[in-house]
There are 2 protein chains.
Amino acid sequence: MPRRASDSVPDTFLAEIREQPEALRRLVDARADVEVVAEALARRGVEVVRLVAHGSSDAAASYGVYVFGLLPGWTAFRDSISLSTYYRAELDFSRSAVIALSQSGETPDVVSYLRAARERGALTVAVTNEPRSALAEAAEWTLQLHAGDERAVAATKTLLNTFAVLALLAGVAAGRGDELADALRTTADRIAAALPGLEEAVAPIATTFAYVGRMYVIGRGIEFGTAREIALKLTETCRIAAEPLTSTDLSHGPIAALDAMFPVWAIASRDECLPALVAAAALARNAGATLVATGNAAEEVPDAEFCLPVPEAPRAVLAPLLSLIPGQLFAAALARAKGLDAAQPAGLTKVTLAQ
Amino acid sequence: MPRRASDSVPDTFLAEIREQPEALRRLVDARADVEVVAEALARRGVEVVRLVAHGSSDAAASYGVYVFGLLPGWTAFRDSISLSTYYRAELDFSRSAVIALSQSGETPDVVSYLRAARERGALTVAVTNEPRSALAEAAEWTLQLHAGDERAVAATKTLLNTFAVLALLAGVAAGRGDELADALRTTADRIAAALPGLEEAVAPIATTFAYVGRMYVIGRGIEFGTAREIALKLTETCRIAAEPLTSTDLSHGPIAALDAMFPVWAIASRDECLPALVAAAALARNAGATLVATGNAAEEVPDAEFCLPVPEAPRAVLAPLLSLIPGQLFAAALARAKGLDAAQPAGLTKVTLAQ
């Protein structure tokens, strides 16, 4: 039996984690919208994709760099928002597409950036759960997330669907739309199948981590966005100073700070970056850090104290959609263990209006 | 009198911080090299600059995004290294310049990336302190840092000169080489003049911070690279989990983790991003965090417990070269207060060979 919350407060965050497979299937059902946008991108001969976002959506943007690079072979990057919105730099947007990601569609500087880019000739796409938001209204095209109503401040369904819509768009742009759509449906099934076991598996680890104040979350390549998202979830819901690092960046300084009370969450997926990840995990282990190994190649990480493997993805580029799940469940369990309400973190609201 | 180390171990890290003005003047003296590279970039009609690096050099790459955007108006971004080196994505490099930054010139995956990009038609530039390194040999062009011998593992002179060479290259590319070279010389003078006072000012703050385990370092726009570098210095030399955040990203989750033992180092410089920085600092203060305000607009941050202002830069784009200094000095003083050797952090070597 999965461990269930014992108090009377309904755990919205956990409930929404469980709703993700259904939300993902809804997104794939709306694939036709993605095809229209992919066609618009192709007509304009877009060569460069500028991704802009904050928070969780920005973790999805990191994932976007990889799916666009690996599937249609596009140059994609997370653009500076302040260069265009604050400094008004004279950049050439004429051969660029802008994909602006905001679950609420109201993040002020993302909306400002998109408007400025559109004036300068960029093809603009809003990715949002709110088709009547300021972002959707400002953009030429909108890709709706179809995540349904999300009430917890910490994003889950909207985040997973942001990853998914980027993968689907990249797949359609590469002429592999059917393949990616099928693979996303299979991914939804595998998430649904894995959820109860993972929910059970994270509980004892959360108890052990109740006094942890800082963590690194490492992932390389396509899993770096996952690392960013899991670190952010742990920070906002569990008040841990969790920093995402590529496995290589861990060696360039941060390794010096590790000790037994400074654990490392390592996302190991079976792809070309796995050897680099495994090597970094070994360095962390030698520095005395407690290791939690996750991902579909979790078992390849030697000497991990805790192992949270996830099912293989039907396509390697979709591995992050599965790797996200243990991080979300662990955040929910740890917040509960610490007596925090993961759905309503201190000082946060669902729509962040900070400039 | 500045506070001096009382023990007998020579503090290489602090000595090299003090050598920076001299190193910066040497770099400006070698301006002719920068002009040759700028001409090569102009001849090739480069439109996109891909910056690649790890560690401190990657903080400089963040700064590079802004100087290229603000001065010649180029689109510059920190490219994914793993897309090209591990996944071998089929990207079009024909209209790109690659600027690969490595103080040692031996960072393996930066060298591999540069080789792959050159094979695919990119114009390649190595920025390194070691003109006979693997990176310099692999690149079409090399910009030497002229920082002189650097013995402390934590980079100081090489890092400052990496920031400076990017600003100078961007200035020359924008037809403003004389102006930037003069401004860099003035910056060197202002750093030299500010060093003794700052060295004295950081000492009492370091004593107060001896038991701090985690920090955020916030900066927006052109100061985000500075935030990344200071966070890394605190992590590697003082074993603090210090994470860099843009002022906006602080509001998108991390603010929830703050409390009185989780201080925030805020870099406030007088430019278009200052209001966003000041607003974020106020949020951090309301969340109970101890605030250290630095930068040339440090006094604009209300209610900061500690204030470490630096002189105005002769040009706003050069502000980060001055904002770096209190961070370095604070790291040196705090390492000393904690009994750590900042020049030889645990588990690190001068040349990081991790993949």
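For the structure, check the block above.
For clarity, every value in this text was computed on a predicted model and none was experimentally measured. (Residues numbered from 1 in each chain as written. Chains lettered and ligands numbered in written order. Predicted model: local features only at pLDDT ≥ 70, side-chain atom pairs only at ≥ 80, totals over all residues. Heavy atoms only, no water.)

Draft legend 1. The arrangement of the overall build of chain A in detail. For chain A, the count of helices and strands is 13 helices and 10 strands. Relative to the compact-globule value of 20 Å for 355 residues, chain A shows a C-alpha radius of gyration of 19 Å, a close match. Taking the principal axes of its C-alpha atoms as reference, chain A extends roughly 50 × 45 × 40 Å. Expressed as a percentage of the 355 residues in chain A, the buried residues total 66%. For chain A, the share of sequence-separated contacts (at least 6 apart) that also reach a separation of at least 24 residues comes to 76%. (Helix = DSSP H or I, 4+ residues; strand = E, 2+ residues; numbered from the N terminus. Rg over C-alpha atoms; globule rule 2.2 N^0.38 Å. Buried < 20%, exposed > 50% of the residue type's maximum accessible area, 1.4 Å probe, protein only. Contact = heavy atoms within 4.5 Å.)

Draft legend 2. Up close: the relation of the copies chain B and chain A. Between the two copies, chain B and chain A, the superposition gives an RMSD of 0.0 Å; the rotation angle is 180° and the shift along the axis is 0.0 Å. Expressed as an axis order, the relation between the two copies is that of a two-fold axis. Interface overlap between copies is the fraction of interface residues in one copy that are interface residues in the other; for chain B against chain A it reaches 100%, indicating a shared surface. (Least-squares fit on C-alpha atoms with pLDDT ≥ 70 in both.)

Draft legend 3. Broad picture of the pairing of strand E6 (residues 214-218) of chain A. Residues and elements named next belong to chain A. Here E6 lies mainly inside the structure; 5 of its 5 residues are buried. With 5 bridges connecting them, E6 and strand E7 (residues 241-245) associate as parallel partners. The partner of valine 217 across the bridge, within E7, is proline 244. For the crossover from E6 across helix H10 (residues 224-238) to E7, the handedness is right-handed. As paired elements, E6 and strand E8 (residues 264-267) share 3 bridges and run parallel to each other. For valine 217, the partnering residue across the bridge sits in E8 and is tryptophan 265. (Pairing = 2+ DSSP bridges. Right-handed = clockwise from strand over helix to strand, strands pointing away.)

Draft legend 4. How the structure looks around helix H3 (residues 31-43) of chain A. Residues and elements named next belong to chain A. With 13 residues, H3 extends 19 Å between its outermost C-alpha atoms, agreeing within 8% with the 18 Å of an ideal straight helix rising 1.5 Å per residue. When H3 is considered as a whole, its buried residues turn out to be Val34, Val37, Ala38, Ala40 and Leu41. Around the axis of H3, the buried residues are gathered within 155° of arc, so they sit on the same side. For H3, exposure combined with an orientation more than 90 degrees from the buried face picks out Glu39, Ala42 and Arg43. For H3, the secondary structure elements touched by its buried residues are strand E3 (96-101), strand E4 (123-128), strand E5 (141-144) and helix H8 (157-173). (Expected span 1.5 Å × (residues − 1). Arc of directions from axis to C-beta.)

Draft legend 5. Region of the structure containing the interface of chain B and chain A. Counting residues at the interface gives 63 residues for chain B and 63 residues for chain A. Together, the buried faces of chain B and chain A total about 5100 Å²; carbon and sulfur atoms form 57% of this surface. Broken down residue by residue, the surface that chain B buries against chain A is led by Tyr87(B), Arg239(B) and His252(B), which jointly contribute 14%. There are 2 salt bridges connecting chain B and chain A. We note a salt bridge from Arg220(A) to Asp109(B), for which the minimum N-O separation is 3.0 Å. Along the contact surface separating chain B from chain A lie 24 residue pairs in polar contact (both at pLDDT 80 or more). Among the elements that take part in the side of chain B that touches chain A, helix H4 (residues 55-70) of chain B stands out by supplying 5 residues, more than any other. Of the residues assigned to the side of chain B that touches chain A, the class counts are 30 nonpolar, 18 polar and 15 charged. (Buried area = accessible area lost by both parts, 1.4 Å probe. Salt bridge = Lys/Arg side-chain N within 4 Å of Asp/Glu carboxyl O. Polar contact = N/O pair within 3.5 Å; in protein donor to acceptor, adjacent residues only side chain to side chain. Nonpolar A, V, L, I, M, F, W, Y, C, P; charged D, E, K, R; others polar.)

Draft legend 6. Just the environment of Ala332(A), in detail. All names here are of chain A. Relative to the elements of secondary structure, alanine 332 occurs in helix H13 (residues 319-337). In this structure alanine 332 comes out as buried when scored by relative accessible area, which is 5%. Not counting the four nearest positions on each side in its chain, alanine 332 is found in contact with Phe13, Leu14 and Ile17.

Draft legend 7. Quick peek at the packing of aromatic side chains. Using the criterion set out here, one finds 17 aromatic pairs over all chains in the structure. With a centroid separation of 5.0 Å and 40° between ring planes, the pair formed by Trp265(A) and Phe330(A) is classed as tilted. Taken together, the positions of Trp265(A) in strand E8 and Phe330(A) in helix H13 put the pair 65 residues apart, joining distant regions of the chain. Side by side, Trp265(A) and Phe330(A) carry an identical accessibility label, which is buried. Measuring from ring centre to ring centre gives 5.7 Å for Phe68(B) and Trp74(B), while their planes differ by 20°; the resulting arrangement is stacked. Relative accessible area serves as the criterion here: at 14%, Trp74(B) is assigned to the buried category. Grouped by ring-pair contacts, the aromatic residues Phe209(A), Trp265(A), Phe306(A) and Phe330(A) constitute a single cluster. When the ring centre of Phe93(A) is taken as origin, the NZ or CZ atom of Arg50(A), which lies over that ring, is 4.3 Å away. (Phe/Tyr/Trp six-rings, centres within 6.5 Å; stacked < 30°, edge-to-face > 60°. Lys NZ or Arg CZ within 6 Å of the ring centre and 35° of its normal.)

Geometric values such as these leave the question of function open.
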